[in-house]
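As a plain string of letters, each chain reads:
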Amino acid sequence: MEPIAMLFAWMLLIVFLALIACMFEDLESDTGSQSNPNSQVQLAPQVGQVHRFFNKAISGEAPSYAMYCTIAGVIAWVLLSKGVHPIMAIPVGAMVGEVVHVIFATTAHLGRTTAQKRFEQPIYLDVLYGHLLPIATHGFMATLCITAIAYIQSNLGTLSGLPELNHPFALPMLAFIWGITVGAIGSSTGDIHYGTEREFQDRPFGEGKRVVYHGKITRYAECGIRTQKDIVGFCVKYGGPCTGLTFGLIILFENWRTLVGMIAGNYLPDLQATAGNMTAIIGIVLGLMIGIALTVGNVVIVRWARKRYGPFVGE
Amino acid sequence: MDPVLLIIVCVIIGGVLASLGVHLLPVGGAPAAMGTATGIATGTVMLMFGAAMCGLFTASTVATFSNSILLVSLSGAVGSWIMMGVTMLMANIIYVFGTGIVPVSGRIDVDPITKESQKEYKTPQCDGHGVPNVSYISGMVGALLGGFGGAFMYFALLNYANFEPTTAGMAAMGIFVANAIIAAYNIGGTIEGFHDPKFKRLPKALITCFVISLFCGVLVWLAANLGGLIK
Amino acid sequence: MTVTPAVEEEEEKKPTEGFPPDETRLGIISAVIAVIITILLPVLPAVIKAVGVIFALLWGADSVRKTSKYGLGTGVPSIGVLAMGYGIVGAILGTAFASKTGYAAGALGGVLIMGGVGYLSGVMSNSEKFIGMKIPGLERGMMELGLAGSLAMLLQFSIVAGSLNFDVVMDKAISTGIIALLFILSCMAMFHPYNACLGPDERRPRTLMVSVEISGLLCAILGIILVVTAGSMWGVADGVSLVIFGALVWLVFYVKFVKAAMREAYSVVGTGLIKTIE
């Protein structure tokens, strides 16, 4: 098939996988209460609020996702170099990454809860056992998609008929890069919905959460005592898809402007070496225009919020 | 120019731009995830690292068909710029529609760029919330500089020290992250952008990162020389 | 990420098993073991090099714990990532030295230089004229992190590549992208123990068990890689023995940690209601 059409097809597949990956990354960090909102879960016993949350404190999301995705990438790469078909190698790699994930999750929860002995926070075994499988499954989806993206990108040229277009980085390195990026994005966008909205759900909507509320998280749910399983069902309705859309848009813009630059600069389909600089310039100009459009979008949203919501009412 | 000087100068420029970029990013840390502080709700180092990695990805693709250091670095810069732009915009969408908050800054009374007043929209007992326009623009410029620095270092290691792409990427990333962490120590973890009073501590971090990058550049040149990579 | 507040000094309770020696002695023992193993490279089988890796990462985790107790302001992970960032540069430099001089002992030159850079960045971070963090022991801590990071990375390079020849290491360990795995898992082995056990009732022996456990996991994964890309003179047996060794170390210390945590927690209940303490 014609290389340009194949390139666009693989690019769209990568965008789709990226959307799913980041959505599940955010949901997994809500299932395990990782990163920034976890500081509230850590603070709660210290202000006297014993809770039944899963305190998974494995650093921020960026390094931990880098770890799972890199392990998955390395195992997949090792299997691929032995001739195993990608459709077996990629899921097996993701599974090994998730086994490591679950090990880290248990040591984090046990370690943090034991270190809060003086605040009378017990280890609830049903919280510990009951959350390991949701954490593993959500993480598996994210890791699988990221490993697949890394595989497609490192073999993009071979898959579409132009071997020179393979990305110069090795597969594990690509998995590492996207693991860090997906963790950084999930931490910046999705955690807001979990931290500001769901963790303090019995506080008034429409204002920032004041410092005096910190630590006094909502521990009683619609029926009974809240655990992470109640939280993830809420955040999947807004925070998760928004986060997925973020990463999907980023991958879309990045790959699209590179491909359009290649086509408009006559680099494809013959890979003329002299057209290299023009390709890069077109890509840069497109990227700058996209960024300016985003800035204008932000100005519009902030202005709309100020006009519609108005100044702060109350004390 | 002599490869020694080229490599060292490029590493220094990359490291200093990294630390400048870190100072410009609006980072709120853990309180921002609870709507208590302005900025993006993640750690300084990780956000800068993520943006630079995204830029490095595009820059390495461009480096396969372009030999101009300026174009490769600009591609990396624009990659980071897009990533920060989309991330901050979606964060604002979640703040505005998901939690009902108006993005305002907590450190100044009037936005220096759009001249909107900030004080009456702020929740009491909070240090601002969301990503207001001035923090947005500051973040975009910060990501631009950070991505430029990372891609600059990558190109130098790739073409002047003759490392292979993955090696050059990892070494550039190692030096980049060391500079970003030292800059993060300087700001103490959270900053709102160039309008924040903490921004005045920038020169100290620049000097420290200059010295550290100088050493790292010399060491990288030494390694490449002893390993026989520079002919 | 939780920001650690400044912790008051707790009286050092005597460790009941006498298992981990105190911080200075642990540092010296680990350094000596790792250095000896580095000098005797590359004829050793991977299992012995793995012991060196475990000790180097243990030293790094101890150093992170000591430095972070005073509150860094940005959280624990950043100092672990800094250590391994220095570790990559130091290890590449050490490999270059070892290739040029022909002796594996030349690699220690790179390690020492990186320790010096770590000390310098510690001095600049603490002094008033520059960043001014004023954390006691930051200079010594950053120097130890530079040394431990470089030693750990060097030993892992020699496990994966089979020797310390610059071209072989570049070809087998770095260009293949395995260095990304070494980087991030070593980072985790250094900062996860203290980050996971953060809290007022944190106890040093229990925290250090986590570090050994993560190092065991790292060795098991390296063993799987070695089984497939048999490189050193010991062949496939190298990889298989490393997998078994890593899995054993992980199992022993994981079970020890879980038992210690459950024994020392406030209480362990199957399920239960919660309470609010005013």
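Residues numbered from 1 in each chain as written. Chains lettered and ligands numbered in written order. Predicted model: local features only at pLDDT ≥ 70, side-chain atom pairs only at ≥ 80, totals over all residues.

(A) Up close: the overall build of chain B. Along its length, chain B carries seven helices and three strands. Along its sequence from the N terminus, chain B presents helices and strands in the succession α-α-β-α-α-β-β-α-α-α. By the compact-globule yardstick of 17 Å for 231 residues, chain B fits well, its C-alpha radius of gyration being 19 Å. Overall, the C-alpha framework of chain B stretches about 65 × 35 × 25 Å when taken along its three principal axes. Here chain B, with 231 residues, has 74% of them falling under the buried criterion. Of the contacts formed within chain B by residues at least 6 apart in sequence, a portion of 73% connects residues at least 24 apart. (Helix = DSSP H or I, 4+ residues; strand = E, 2+ residues; numbered from the N terminus. Rg over C-alpha atoms; globule rule 2.2 N^0.38 Å. Buried ≥ 20, exposed ≤ 12 C-beta atoms within 10 Å, placed from the backbone. Contact = placed C-beta atoms within 7 Å.)

(B) Fine view of the overall build of chain C. The helix and strand tally for chain C stands at nine helices and one strand. Ordering the α and β elements of chain C from the N terminus gives α-α-α-α-α-α-α-α-α-β. Counting all 278 residues of chain C, 59% fall into the buried class. Here the analysis covers contacts within chain C between residues at least 6 apart in sequence; of these, 71% occur between residues at least 24 apart.

(C) Local environment of the interface of chain B and chain A. The interface of chain B with chain A comprises 68 residues on the first partner and 69 residues on the second. Counting only elements with at least two residues in the side of chain B that touches chain A, the list comes to α2 (29-33), α3 (44-63), α4 (69-98), α5 (133-159) and α6 (165-187) of chain B. For the side of chain B that touches chain A, the element with the most residues is α4(B), which contributes 21 residues. Here the side of chain B that touches chain A is built from residues that sort into 39 nonpolar, 26 polar and three charged. (Nonpolar A, V, L, I, M, F, W, Y, C, P; charged D, E, K, R; others polar.)

(D) Inspection of helix α1 (residues 23-39) of chain C at higher detail. Residue and element names in this part refer to chain C. Helix length check: α1 (17 residues) gives 24 Å between terminal C-alpha atoms against 24 Å at 1.5 Å per residue, within 8%. When we look at burial in α1, the residues that qualify are Gly27, Ser30, Ala34, Ile37 and Thr38. For α1, the angular spread of the buried residues around the axis is 110 degrees, confining them to a single face. For α1, the exposed residues set more than 90 degrees away from the buried face come down to Thr24, Arg25, Ile28, Val32 and Ile36. (Expected span 1.5 Å × (residues − 1). Arc of directions from axis to C-beta.)

(E) How the structure looks around unusual backbone geometry. Of note in this structure, A:Glu120 is not a glycine but carries a positive phi near 65 degrees. Residue position: A:Glu120 is located in the loop between α4 (86-114) and β1 (123-124). Residues other than glycine seldom take positive phi values, yet B:Gln125 does so here, at roughly 65 degrees. Tracing the chain through its elements places B:Gln125 in the loop between β2 (104-105) and β3 (127-130).

(F) The arrangement of the nonpolar core in detail. Grouped together as the largest cluster of nonpolar side chains are 285 residues, with contacts concentrated most on B:Leu157, B:Ala171, B:Ala180, B:Val220 and C:Val89. A total of 17 residues in this core trace back to one element, the largest contributor, which is α4(B). For B:Leu157, the contacting residues outside a window of four places in its chain are B:Phe163, B:Ala168, B:Ala171, B:Ala172 and B:Val220. The next biggest cluster of nonpolar side chains, apart from the first, holds eight residues, and it includes A:Phe54, A:Val127, A:Phe200 and A:Ile217. (Core = buried A, V, L, I, M, F, W, Y, C linked by C-beta atoms within 7 Å.)

(G) How the structure looks around the environment of A:Pro163. Turning to its location among the elements, A:Pro163 is positioned in the loop between α6 (156-160) and α7 (171-188). Discounting chain neighbours no more than four positions away, the residues touching A:Pro163 are A:Gly157 and A:Thr158.

(H) Looking closely at the environment of B:Thr166. Within the fold, B:Thr166 resides in helix α6. When the 24 C-beta atoms within 10 Å are taken as the criterion, B:Thr166 is described as buried. Taking the C-alpha atoms as reference, B:Thr166 lies 22 Å from B:Leu17; in sequence the two are 149 residues apart. Among residues more than four places away in sequence, those in contact with B:Thr166 are A:Phe169, A:Ala170, A:Met173, C:Ile174, C:Ser175 and C:Gly177.

(I) Molecular detail of the interface of chain A and chain C. Contacts between chain A and chain C engage 50 residues on the former and 49 residues on the latter. For the side of chain A that touches chain C, the element with the highest residue contribution is α4(A), accounting for ten residues. As defined by bridge partners, β1(A) adjoins strand β1 (residues 268-269) of chain C across two bridges and the pair is classed as parallel. Directly across from A:Ile123, in β1(C), lies its bridge partner C:Val268. (Pairing = 2+ DSSP bridges.)

(J) Fine view of the packing of α6(B) against helix α7 (residues 202-226) of chain B. All names here are of chain B. For the pair α6 and α7, interaxial distance at closest approach is 10 Å and the crossing angle is 160 degrees. As the angle between them shows, α6 and α7 are arranged roughly antiparallel. Relative to α7, the crossing made by α6 is right-handed. Within the contact between the two elements, α6 uses Ala171, Ile175, Ala178, Asn179, Ile182, Ala183 and Asn186 and α7 uses Lys204, Ala205, Thr208, Cys209, Ile212, Ser213, Cys216 and Val220. Residue composition of the contact of α6 with α7, by class: ten nonpolar, four polar and one charged. (Axes fitted to C-alpha atoms, helices over the stretch in contact; angles between N-to-C directions. Parallel < 35°, antiparallel > 145°, perpendicular 65-115°, else oblique. Left-handed = near helix turned anticlockwise from the far one by under 90°.)

(K) Summary view of the pairing of β3(B). With two bridges connecting them, strand β1 (residues 37-38) of chain B and β3(B) associate as parallel partners. Across the sheet, residue B:Thr38 finds its bridge partner in β3(B), namely B:Gly130.

(L) The arrangement of the packing of helix α1 (residues 3-31) of chain A against helix α9 (residues 228-235) of chain A in detail. Residue and element names in this part refer to chain A. As a packed pair, α1 and α9 sit with axes 8 Å apart at the nearest point and diverge in direction by 150 degrees. As the angle between them shows, α1 and α9 are arranged roughly antiparallel. As α1 packs across α9, the resulting crossing turns out to be right-handed. Facing α1, whose interface residues are Leu27, Asp30 and Thr31, α9 presents Gln228, Ile231, Val232 and Cys235. Of the residues assigned to the contact of α1 with α9, the class counts are four nonpolar, two polar and one charged.

(M) Up close: the sheet that holds β1(B). Taken in spatial order, the three strands of this open sheet run β1-β3-β2 (chain B), and their pairing is mixed. Two strands lie at the open edges of the sheet, namely β1 and β2 of chain B, each paired on one side alone.

(N) Structural context of the confidence of the model for chain C. Confidence along chain C averages 81 in pLDDT terms, with 88% of residues attaining 70 or more. Low pLDDT, under 50, characterises residues 1-18 of chain C; the predicted model gives this stretch 26 contacts beyond four residues in sequence or across chains. (pLDDT = per-residue confidence, 0-100.)

(O) Structural detail: the environment of B:Gly14. Residue and element names in this part refer to chain B. Positionally, Gly14 belongs in helix α1 (residues 3-24). A C-alpha to C-alpha distance of 9.1 Å links Gly14 and Leu145, two positions 131 residues apart in sequence. Setting aside its immediate chain neighbours within four residues, Gly14 contacts Gly149, Gly150, Phe152, Met153 and Phe176.

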